[in-house]
Amino acid sequence: MHHKRSLLIAISITGLMFVLEVIGGIISNSLALLSDAGHMLTDIFALSLSLFAVKFASMPATEKKTYGFYRIEILTALINGVVLILLVLYIFYEAYRRLIDPKEVKSLIMLVVASIGLIVNIAGAFILKGSSRENINIRSAFLHIIGDALSSAGVIIGGIIIMATKWYVVDPLLSIAIGVVILRGAYGLVSESVNILLEAVPKGIRVDTVVGEVKRIDGVRDIHDVHIWTLTSGVYALSAHVLISDLLTSESNKVLERINGLLKEKFNIQHTTIQFECEWCSNKDVCVLDSKPR
């Protein structure tokens, strides 16, 4: 509920700012301002997708979607990142045209609108900051807002320079700088989303460390066929074969409890699928993934 309220507020103020920047960009003939407005429009789309994802990610699992809808937010974050990259490419194209043929810019209007934009973006970033630490999808929206705030700050500086020097080439140069900042954040977002979709080991977790910790538990002789992946933001899963001593069923349950407790406490892995073995697994067909070269 907190995520939804934050996103709704951010969508509202970003929408109002988009309209203001489009009008201001047209009147002032500023590519930097219009680029920022385009980024605002992307933000509205991104924030709306994020709101959609937050709603569906909380839906319960079904017979066909046994993991629920957690991955919707990862797909949304990936779409956001790709859209940002496409936007940057367009900004670079327009900036190139203006570098060849600089256009006159009304710097005063540019300054006023950019200043309002900076205030709005700072407010939006403050609203989303807390949620962005615990949710990749909210973080993608937060990155959009931060990118806009940096854009607005750059436009303000550019407006001051143009007002003082009449160097209109500053406008497309600012657009390029804004694009580079946006591109950096978008690349990180796409990279992290792709890693999650490819079920890579979560950042900050090492498989050999997990294996070493589990092997120290009483009753555990070895652990193999270990796979660790991310279901969604902050939700990690693990599957493994654990070789244990020949124990009573009640004792093996205690070993399982100790393993799950360790994984949750030290690695924040809360969803586990663990198969106990009392002797080495000799069925290679069962361990297909482990038999492939790495």
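Residues numbered from 1 in each chain as written. Predicted model: local features only at pLDDT ≥ 70, side-chain atom pairs only at ≥ 80, totals over all residues. Heavy atoms only, no water.

Visitor: In this structure, what is going on with the sheet that holds strand E3 (residues 269–277)? I would like to understand it.
Guide: What links the strands of a sheet is backbone hydrogen bonding, and the strands pair in either a parallel or an antiparallel sense. If you walk across this open sheet you meet the 3 strands as E1-E2-E3, and the pairing is mixed. Looking along the sheet, the strands with just one partner apiece sit at the ends: strand E1 (220–232) and E3. Taking the axes of each pair of neighbouring strands and ignoring which way they run, one obtains an average angle of 15 degrees across the sheet. With respect to the sheet, helix H7 (residues 207–215) is in contact with E1 and strand E2 (235–244), its orientation differing from that of E1 by roughly 135 degrees. (Pairing = 2+ DSSP bridges. Helix = DSSP H or I, 4+ residues; strand = E, 2+ residues; numbered from the N terminus. Axes fitted to C-alpha atoms, helices over the stretch in contact; angles between N-to-C directions. Contact = heavy atoms within 4.5 Å.)

Visitor: Explain the pairing of E1 here, please?
Guide: Moving residue by residue along a regular strand, the side chains alternate between the two faces of the sheet. Of all 13 residues in E1, 11 are buried, a share of seventy percent or more. The antiparallel pairing of E1 with E2 creates a hairpin that spans 2 residues between the two strands, and glycine 234 there sits at a positive phi of about 75 degrees. (Buried < 20%, exposed > 50% of the residue type's maximum accessible area, 1.4 Å probe, protein only.)

Visitor: Please explain helix H6 (residues 170–197) as it appears in this structure.
Guide: Residue pairs spaced three or four apart in an α-helix point in one direction, given the helix's 3.6 residues per turn. The end-to-end C-alpha separation of H6 is 40 Å, in line with the 40 Å expected for 28 residues at 1.5 Å each. Two residues or fewer past H6, glutamate 199 is found with a positive phi of approximately 60 degrees. (Expected span 1.5 Å × (residues − 1).)

Visitor: What am I meant to see in the pairing of E3 here?
Guide: As paired elements, E2 and E3 share 8 bridges and run parallel to each other. Within E3, the residue paired with serine 239 across the bridge is threonine 273. Handedness of the E2-helix H8 (residues 249–267)-E3 crossover: right-handed. (Right-handed = clockwise from strand over helix to strand, strands pointing away.)

Visitor: Where do I start with H7 in this structure?
Guide: Along H7, the positions that sit buried rather than exposed are Val210, Val211, Glu213 and Val214. Projection of H7 onto a plane perpendicular to its axis shows the buried side chains occupying an angular sector of 165 degrees, all on one side. (Arc of directions from axis to C-beta.)

Visitor: Mind showing me how you'd approach the pattern of salt bridges here?
Guide: Between side chains of opposite charge, pairing is possible as soon as their charged atoms come close. Per the counting criterion, the structure on display carries 7 salt bridges. As a salt-bridge pair, arginine 97 and glutamate 94 come within 3.5 Å of each other at their nearest N and O atoms. In this pair, arginine 97 and glutamate 94 are both assigned in helix H3 (residues 71–100), 3 residues apart and thus about one turn of the helix distant. Residue classification places arginine 97 among the partly exposed residues on the basis of a relative accessible area of 45%. Taking the shortest distance from any N to any O, the salt bridge between glutamate 213 and lysine 266 comes out at 3.0 Å. With glutamate 213 in helix H7 and lysine 266 in helix H8, this pair connects stretches of sequence that are 53 residues apart. Three or more residues are tied together by salt bridges with common partners; here these are Glu213, Arg216 and Lys266. (Salt bridge = Lys/Arg side-chain N within 4 Å of Asp/Glu carboxyl O.)

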